[in-house]
Amino acid sequence: AGGPGGGGGKISGGKVVLAVLNDQSGIYSELSGQGSVKAVRLAVDDYKAKYGSKAVVKKIDVVTADHQNKPDIAHSKAQELYDRRQADVILDVPTSSAALAVAGVAKARKKLFFDVSAATTELEGAQCNKYTFHYGFNSYTLASGTGGTVTHDGAKNWYIVYPDYAFGQDMNKSFTQAVRSAGGTVVKSDPAPFPNDNFSSFLLKAPSLTPKPQVLGAMQAGGDLVNLVKQYNEYKLRAKGIGLAVGLMFLTDIHSLGPDALAGTKFTDPWYWNADATNRAWADRFQAVAGKRPTFANAANYSAALQYLEAVQRAGTDKSGAVVRQLEGTKIDDAFTHGGTIRAADHLLTHDVSLAQVKAGKDVTEPWDYEKVLSTVPAAQAFQPPSPACRLG
Amino acid sequence: MLHIEDLSAWYGEARVLTEVSLQVAEGEIVTLVGRNGAGKTTLLRSVMGLHTTGGARTAGTAEFLGADLTRLPAHRRTRRGLGYVPDDRGIYATLTVEENLTLPPAVGPHPWPLGQVYETFPRLRERRRSAGTNLSGGEQQMLALARVLRMGARMLLCDEPTEGLSPLIVQQIGKILRDVKDQGVTVLLVEQNVHFAATVADRHYLLAEGRIVRSLRGDEIRAREHELLEHLGI
Amino acid sequence: MILSRLSARPVPLIAGLLIALALPWMIYPPVALDIACWALFATAVDLLLGHTGLLPFGHAAFWGGSAYVTGLIALHAGLPFPLAVLGGAVAAAILAVPIGYLSARLRGIYFAMVTLAFAQVVYFVANQWRGLTGGENGLQGIPRDFFGIDLSDPFFFYYAGLPLVLAGLFAAWRVVRSPFGRVLTAVRDNPARAQALGYPVARYKLLAFVLSAGLSGLAGGLFAIGHGFASLDEVYWTTSGQVVMMVVLGGIGTLWGGALGAALIVELGDYLATAGFQEIGLVTGAIFVITVLVFRRGVWGTVHHLLPDPTRHRAPRRSASEGA
Amino acid sequence: MGTPVPESPVLTARSLVKDFRGFRAVDGVDLDVADGAVHALVGPNGAGKTTLFHLLTGFHRPTAGRIHVGGRDLTGKRPEQIARHGVARSFQITSLFPQMTPREHLELALQAGTTLGWRFWRSDRALRRFTDRALDLLDQVGLAAHADEPAGALAYGRKRALELALALALDPRVLLLDEPTAGMGTEDIDRTVELIRRIRAGRTVVMVEHNMTVVAALADRVTVLQAGRVLVEGPYAEVRRDHRVISAYLGDARAAH
Amino acid sequence: MLQQAFNGLVGGAFYALLALGLSVIFGMLRVVNFAHGSFYMLGAFGAYVLLDSFGVDFWIALVAVPVVLGAAGVLVERVFVRRLTRLDPLYGFLFTFGLALILQDAVKREYGVQSQPYPRPSALSGSLDLGLFDYPTYQVFVLALSVLVCAATWLILTRTRVGMIVRAATERPELTRALGIDVGRWVAPVFGFGVALAGLAGVLAAPMRAVNPLMGADLIITVFAVVVIGGLGSILGSVTAGFGIGLVSALGNLYVPALSQTLVFIVMAAVLLWRPAGLFGREEAAL
Ligand SMILES: Nc1ncnc2c1ncn2[C@@H]1O[C@H](COP(=O)(O)OP(=O)(O)OP(=O)(O)O)[C@@H](O)[C@H]1O
Ligand SMILES: Nc1ncnc2c1ncn2[C@@H]1O[C@H](COP(=O)(O)OP(=O)(O)OP(=O)(O)O)[C@@H](O)[C@H]1O
Ligand SMILES: [Mg+2]
Ligand SMILES: [Mg+2]
């Protein structure tokens, strides 16, 4: 998609195409999926409303594709979005393997990519590149948010059960580190098969470990997490003095399990719709178009799209190099983050996140109001320093 | 008892029976002789209501005990007292010998008890726990015959029941057929072994190329063997 | 001799070649490459399903196994991609020896289920052996080295990869129309008889299995290069199921039917996905079920059946199994 | 058994035993088949004749005992290995490749003796080298006119003839025939007897047969099996008078074929 | 350790119920039902939908869902599977593979892949003192019920004529009719019964496991391995292998987590080498 366009002048093809590539049928479809597409449309509206006739970009398309959480599909869809559908930027892409695949394509095509919902730190580590931005959270955030804070608050002994694949191992490592540096110990950490629907071996073993763990750290996601929590409740571990902390959990997981199943569980949420008035205001707007409350991923996609358009506006062109220069180091203040920064060194968005706790069912006063924000984890603690492995080419 | 009128049968376009008419009276043993491919099996299958699938069709009528069979499905025909021994013996691999014997319901007035079956065929008693198709060829043939006897059918349609049987068993089968006849059972027998046919049957029909070409009395068959062989031959 | 034999039926042959050459002009080039790879894969599977009478439900092990090996060779040895693909194919064939040895003695549904299970083992190994395979992240960034020529454009890469696919298809055709292929037909129709004639049936099945795995590996390796990528999906059982669907849809035992089935399913999947319809299984499943229920000859077989063809009995269908 | 061992047995079995899950189908059978003889195997149904065939041709593995052909120990060998040692068989139940023509059947059988079957890179035109011999064999069994019809469409008698031709194509030293005349009409039986007479030249034939006329016409020696054991062995004329055979097998000779 | 074993048995209960249904269907119809996992999933979804949309509780669902699914199974047999019975069993396998794709994606389209919540029935929510250890009541219930169902099924199929008739009807439908048995009456109900068993397993799973459209797809492959180990079509074999594999994988989970998923397939390969027809399978005729 080269050559000078029509009305936009410096805008390729005369328009900017924002592509949301995510899971629209799989386990992350509720978390992000179509909701994020709507959020991106909100960002487009906001941009148009803000700049009106002064907008550099007159025509903005939002396109979308389903990567089914599979890296190979993500890879070919990304190619297709950049080549066939002339996308200027790809947004979202949950699932680490898929995100890494798309980062590879972005690098080859020299087109922008904002990853919102994948957890891998590789995106800003060894696999970082000039055109890829990581926007939202990563496994370090989860570990230092949940692991660090919970340990700090007194639960020193951990028993970690993690799914035996890259994400799980990564989480296990980060959590162990975070727990240790907060002065706690990991009594034991066990890999569990993935996927798995029977965690009873681990749950039965937990109370008999010495020293007895105070927290069960579950690193599972999606269906596995649901299984684990159901079985955690069945074995009455909470009554036996073993709390539950979850590595990766989203609003939608609480919704699907029901808050009672999870009540009291602590976890890190990069953004919660009912945390403050700004968030709530945006959540209302989102609900008006999407019919439900937004997840952090919806908000982050909104923010990423908005910031991209702002950067194009400032650069006066949609040429990738120029837009990247505008984004690097930018301070952001919008519905998603107050005072977040896109680090120039590794293109990671650092911002404050919250440590949240699941409310008991009786405390839930309105639909989707499942979380109580316990504390704010400041950006400096929530995100790792830039990795020396990252060389933005 | 069995009354067939103008029965024709087709496999797709190929007509393999042409207006066959025959009668079998109660208590009679009648054989159907004819060379390979004459249509003997097809005739029995048509009477049993099995000549229906995959392009096969029939025309004409068959009456059994005065009732029209034409519109009845196979299992209803059997329930009226017809017992069938197919040419491939039809032994179930997934059933044991004993299950093969006890599977079909009794359909006539004199079903054989299991004990009588085993007395008559001691081999079957010995092998009663084996899978049906693990029996030797001849044992399977016995089993197939024993099965319809157990049902107590009023009329037996037997398709080459002596094929592959040892001479001793052949004699035994001849005896069984005569015995059941004495009990009032009617038999329509397909047979290639003319000698055997002559020893058991009251009458014979000679089938050639789908038509009845001769009808002979029991003893005539030996006297006219030469003439017959010509028919069977060419 | 080969050429004269090929030219015995020049019209379909030339038509097929022309379509293969024109494909990336007609459809999105990466999809064209997918079609080519799956077509070869399906043809390889038909070698077993249609010509040896075995239903392999675990061929993802070879397609995906080769994808990984090809990727590793390309990543670490820096060889031109055709050599990497060949390496993958050889690896798949080698992998097929123990699996085939254990399963080729089984028949019918047992064979299908056991190959499925072995493929799951390969899947779990690929998943566990993360240091090599990248686990569920897959092997990323597989290069397309080809003597320094830039093949990053999928349009050109299609033409670079096509000769490999055509060579694979030719090999499959050669195998079926060889003395060996005759023995396979015999093994399929009546193994006991073939044995009594002096043919070691289990070993013939094993060689067929290995050849089929090798060709599947050729396809899988090229697929990995084409996508720059090898992932667990390649060794997952759904891949095995998918390729069987293609063969059945195209027509079991027709050799080229599988290629047609592959084209139909890949293109349909692409069309539906582009149209935003996610539940592709709903459509492909329905088409497949209808094929199994009402036109078991498959598309190619049906067309072939309607057009009179003097050489028909040379490519027998599974009518043995369609009969009573 | 009291009978003397023939001079040069080409096929010998010693103390063969076959058990099926506790059921002993073959129980210590000794068998010597003289070179060039036609040797008939008779006995009541379920005596173990077919099972013995399966043992001799490797389709079943003996529980105990040994099998030698032409001095070589073939015990426990697989069917194809035994076939390659010159032992061919026909099946009691017709067993063909329904979609192949008789000519293709024979080409396949002739090819079995070569390594051509492994050459997956060759054209199947290589099989043409067998065509002449195939047609020749078909002519011998009277199938020349049907060389190119699918075997599935052949009449029963012709299928049996094709079975024989297939066995012949292996040019076996020993030919095992399981009930070659079962299910045939008188005239087909005569034709088959003629055929066996013609092809026995230069080879040894072992056959299972219930039709005593056929046995009388062809067999040099007869072994009678009963309940898995050898009851009697000897020339047909002797055997048929043996009272044990009469009571166990032939019964009242009047009804015999 | 003992507790772990108990645990394995509970996991095995699901394998056993599913393998039993699969075996009943295979034993009688020679169809390896690939869609069995989907029926299990439909069972769980049935319970979920009944509760979520109609407020129907677990106990009613436990009866109603298997009955409805069984009826659906009868329909599937009557309309589709029946057409395939005369063909190579592979066609049945392929057909049900397609059916599985359709069912799975249809549910996905309707409900998404998100796991749906299903609470445990309140009567079974506590835990029981089993003497040596406490154990969740619901799990005990699942174990007891499945043992009961397996035993009852076994009795019906071996001690009554039903099993015999259906086996016969499956092998030689035409001849069986000629022996005076109305084949049509039997086959479909058996298929339905197998499906109902899967549905029952699904309802039982709902309060214990994640209810989502994919829940059956992976499970079914393991269950295939279970029936191969037990012997395809052998009722006793599949039940024994079901519980056995449950035990093995619970202990495998504990001691060799890296192998835990391949374990069942390794066991399968070993069993096949040793006894190709499975532990309790009957050898199919040799020639
Ligand atoms: N399924 C079929 N399709 C087409 N033709 C058939 C079929 N079965 C039999 N025929 C033909 O119908 C004719 C009559 O066959 P049938 O089996 O009734 O003969 P038969 O007298 O019983 O012969 P045999 O003594 O060999 O058993 C034969 O010419 C045969 O080729
Ligand atoms: N696979 C098997 N499993 C169990 N028993 C078997 C098996 N095969 C054969 N038998 C049994 O072994 C005995 C001998 O069978 P075989 O087939 O050898 O008899 P045969 O002498 O050929 O009889 P026929 O003349 O009736 O063909 C029979 O009682 C049979 O039931
Ligand atoms: Mg007949
Ligand atoms: Mg026999």
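In the block above lies the structure referred to throughout.
As a starting point, this report considers the structure included with it. (Residues numbered from 1 in each chain as written. Chains lettered and ligands numbered in written order. Predicted model: local features only at pLDDT ≥ 70, side-chain atom pairs only at ≥ 80, totals over all residues. Heavy atoms only, no water.)

Digging into the pairing of strand β2 (residues 60–66) of chain A
All names here are of chain A.
Next, step 1: Summarising burial for β2: five of the seven residues are buried, a large majority.
Next, step 2: Judged from the seven bridges that link them, strand β1 (residues 16–22) and β2 form a sheet pairing that is parallel. Looking at the pairing, Val16 lines up with Ile60 of β2.
Next, step 3: Handedness of the β-α-β unit built from β1, helix α1 (residues 33–51) and β2 comes out right-handed. (Buried < 20%, exposed > 50% of the residue type's maximum accessible area, 1.4 Å probe, protein only. Helix = DSSP H or I, 4+ residues; strand = E, 2+ residues; numbered from the N terminus. Pairing = 2+ DSSP bridges. Right-handed = clockwise from strand over helix to strand, strands pointing away.)

Let's talk about the site of ligand 1
All names here are of chain B.
Next, step 1: Every residue close to ligand 1 is listed here: Tyr11, Val16, Arg35, Asn36, Gly37, Ala38, Gly39, Lys40, Thr41, Thr42, Glu160 and Gln192.
Next, step 2: With respect to ligand 1, the backbone of Ala38 contributes an N or O atom lying 3.1 Å from an oxygen atom.
Next, step 3: At 2.9 Å from an oxygen atom of ligand 1 is found a main-chain nitrogen or oxygen belonging to Lys40.
Next, step 4: Protein chains bury 59% of the 640 Å² of accessible surface belonging to ligand 1 in isolation.
Next, step 5: The residue makeup of the shell around ligand 1, split by class, is three nonpolar, six polar and three charged. (Near = heavy atom within 4 Å. Polar contact = N/O pair within 3.5 Å; in protein donor to acceptor, adjacent residues only side chain to side chain. Areas by Shrake-Rupley, 256 points an atom, 1.4 Å probe, with all protein chains shown as cover. Nonpolar A, V, L, I, M, F, W, Y, C, P; charged D, E, K, R; others polar.)

Concerning the sheet that holds strand β1 (residues 9–20) of chain D
All names here are of chain D.
Next, step 1: A sheet is described by the order of its strands in space; here four strands give the open sequence β2-β1-β4-β5, paired in antiparallel fashion. Taken across any chain shown, the strands that pair with only one partner, and hence form the sheet edges, are β2 (23–34) and β5 (72–73).
Next, step 2: The pairing of β1 with β2 spans nine bridges and is antiparallel. Residue pairing in the sheet places Asp19 in a bridge with Arg24 of β2.
Next, step 3: Packing of helix α1 (residues 49–56) onto the sheet brings it into contact with β1, β2 and β4 (64–69), and relative to β1 it is tilted by some 115°. (Contact = heavy atoms within 4.5 Å. Axes fitted to C-alpha atoms, helices over the stretch in contact; angles between N-to-C directions.)

Some points on the site of ligand 2
Next, step 1: Looking at ligand 2, there are 21 residues lining it, with Ser136 and Gly138 of chain B together with Lys49, Thr50 and Thr51 of chain D nearest.
Next, step 2: Residues within reach of ligand 2 are spread across chains B and D.
Next, step 3: Here an oxygen atom of ligand 2 and a side-chain polar atom of Glu139 of chain B are 2.9 Å apart.
Next, step 4: In isolation ligand 2 offers 640 Å² of accessible surface; the protein chains occlude 91% of this area.
Next, step 5: Of all the elements in the fold, those that place two or more residues in the shell around ligand 2 are α6 (137–151) of chain B together with β2 and α1 of chain D.

A look at the interface of chain D and chain C
Next, step 1: Each side of the interface is counted separately: chain D has 37 residues, and chain C has 36 residues.
Next, step 2: Around 3300 Å² of area is buried between chain D and chain C when both sides are counted, 58% of it from carbon and sulfur atoms.
Next, step 3: For chain D, the biggest contributors to the area lost against chain C are Gln99, Trp118 and Phe120 of chain D; these three give 23% of the whole.
Next, step 4: If you look at where chain D meets chain C, you find two salt bridges.
Next, step 5: With its nearest N and O atoms 3.1 Å apart, the salt bridge here joins Glu107 of chain D to Arg182 of chain C.
Next, step 6: Joining chain D to chain C, the criterion identifies nine residue pairs in polar contact (both at pLDDT 80 or more).
Next, step 7: Looking at the side of chain D that touches chain C element by element, the count peaks at five residues for helix α3 (residues 102–111) of chain D. (Buried area = accessible area lost by both parts, 1.4 Å probe. Salt bridge = Lys/Arg side-chain N within 4 Å of Asp/Glu carboxyl O.)

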